Amino acid sequence: MFQEESLCSRCARVRKTCCYFEIYVTPGDVKRIAAYSGRTDFHEFRVPADANYLDQDDDPAWRDQVAGEDGRRRVLKRRAGDACTFLGAHGCTLPLEVRPLVCRLHPYEYTEAGISEELSDSCPTHLLKHGQTLLIALDMNLEVARRWHRQLYAEIRCEPLRWRRSGSQSLSLGCQVGREMR
Ligand code: SF4
């Protein structure tokens, strides 16, 4: 049966996609991706190339918890040429429920306080079909995005980089790293 090419796949053919960005991964993302792929070599700790990534005064949870004192944070590795190692010829090779939460939430804009009604302008809306919206093309909806958003910030609260900053050694009670929220 003919399967229509996804917007992400068409995007990947015409330009560098969001998969060339620096993608922060939570401890839960690491667990899920490692369990699915059998790989442990897909992430590293790095200071963001763009200082704006740490300049998040409107999102204190992000600003204070995703990076350690030295400014490094856990991100997906990229190949030479800068694309994520999970990017294949037809887009992401990870199933949706395994992808990093930051990837799943793109192109929604958000802070810990919630998801904005405005979408990021980084998607190729000129590739949309007549009458199609970006969210329909990406098969996304706000209800699912809100669940992923809750999960992202729950996992950020379990970020060991944050404990290293505060001097705490143990996992905080209530951290549910790696389990999908419903
Ligand atoms: S995990 Fe998938 S969606 Fe996220 S940056 Fe990599 S290829 Fe893109």
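Residues numbered from 1 in each chain as written. Predicted model: local features only at pLDDT ≥ 70, side-chain atom pairs only at ≥ 80, totals over all residues.

1. So, the overall build of the protein
Stage number 1. Looking only at helices and strands, the protein has seven helices and six strands in total.
Stage number 2. Starting at the N terminus and walking to the C terminus, you meet the elements of the protein as α-α-β-α-β-β-β-α-β-β-α-α-α.
Stage number 3. When each of the 182 residues of the protein is scored for burial, the buried share is 24%. (Helix = DSSP H or I, 4+ residues; strand = E, 2+ residues; numbered from the N terminus. Buried ≥ 20, exposed ≤ 12 C-beta atoms within 10 Å, placed from the backbone.)

2. Structural notes on the environment of W148
Stage number 1. Relative to the elements of secondary structure, W148 occurs in helix α6 (residues 142-156).
Stage number 2. W148 sits 46 residues away from V102 along the chain, and the two C-alpha atoms are 8.7 Å apart.

3. Here's the deal with the site of the ligand
Stage number 1. In the vicinity of the ligand, the residues found are C19, I23, L76, C84, F86, L87, C92, L94, R99, P100 and C103.
Stage number 2. For the shell around the ligand, a count of residues per class yields ten nonpolar, no polar and one charged. (Near = placed C-beta within 6 Å. Nonpolar A, V, L, I, M, F, W, Y, C, P; charged D, E, K, R; others polar.)

4. Focus on α6
Stage number 1. Along its 15 residues, α6 runs 20 Å from first to last C-alpha, staying within 8% of the 21 Å computed at 1.5 Å per residue.
Stage number 2. Those residues of α6 lying buried are W148, H149, Q151, L152, E155 and I156. When α6 is viewed along its axis, its buried side chains cluster within an angular range of 165° and face the same direction. Relative to its buried face, α6 has exposed residues pointing more than 90 degrees away, namely L142 and E143.
Stage number 3. Considering only its buried residues, α6 is in contact with α2 (27-37), α3 (60-65), α4 (101-105), β5 (108-111) and β6 (114-119). (Expected span 1.5 Å × (residues − 1). Arc of directions from axis to C-beta. Contact = placed C-beta atoms within 7 Å.)

5. A look at unusual backbone geometry
Stage number 1. Of note, the amide linkage connecting H106 to P107 takes the cis form, showing an omega dihedral of 15°.
Stage number 2. Mapped onto the elements, P107 comes out in the loop between α4 and β5.
Stage number 3. Even without being glycine, D139 reaches a positive phi, approximately 55°.
Stage number 4. Mapped onto the fold, D139 is located in the loop between α5 (134-137) and α6.
Stage number 5. On the neighbour-count criterion, D139 (10 C-beta atoms within 10 Å) is exposed.

6. Notes on the nonpolar core
As a rule of thumb, soluble globular proteins bury nonpolar side chains together.
Stage number 1. Ranked by size, the top nonpolar core spans 23 residues in total, and within it I23, Y24, C84, C92 and V102 carry the most contacts.
Stage number 2. Mapped onto this core, the elements with two or more residues apiece are β2 (73-76), α4 and α6.
Stage number 3. Ranked by residue count, the leading element in this core is α4, at four residues.
Stage number 4. The residues contacting C84, other than those within four sequence positions of it, are C19, I23, L76 and R78. (Core = buried A, V, L, I, M, F, W, Y, C linked by C-beta atoms within 7 Å.)

No statement about biological role is implied by the geometric values presented.
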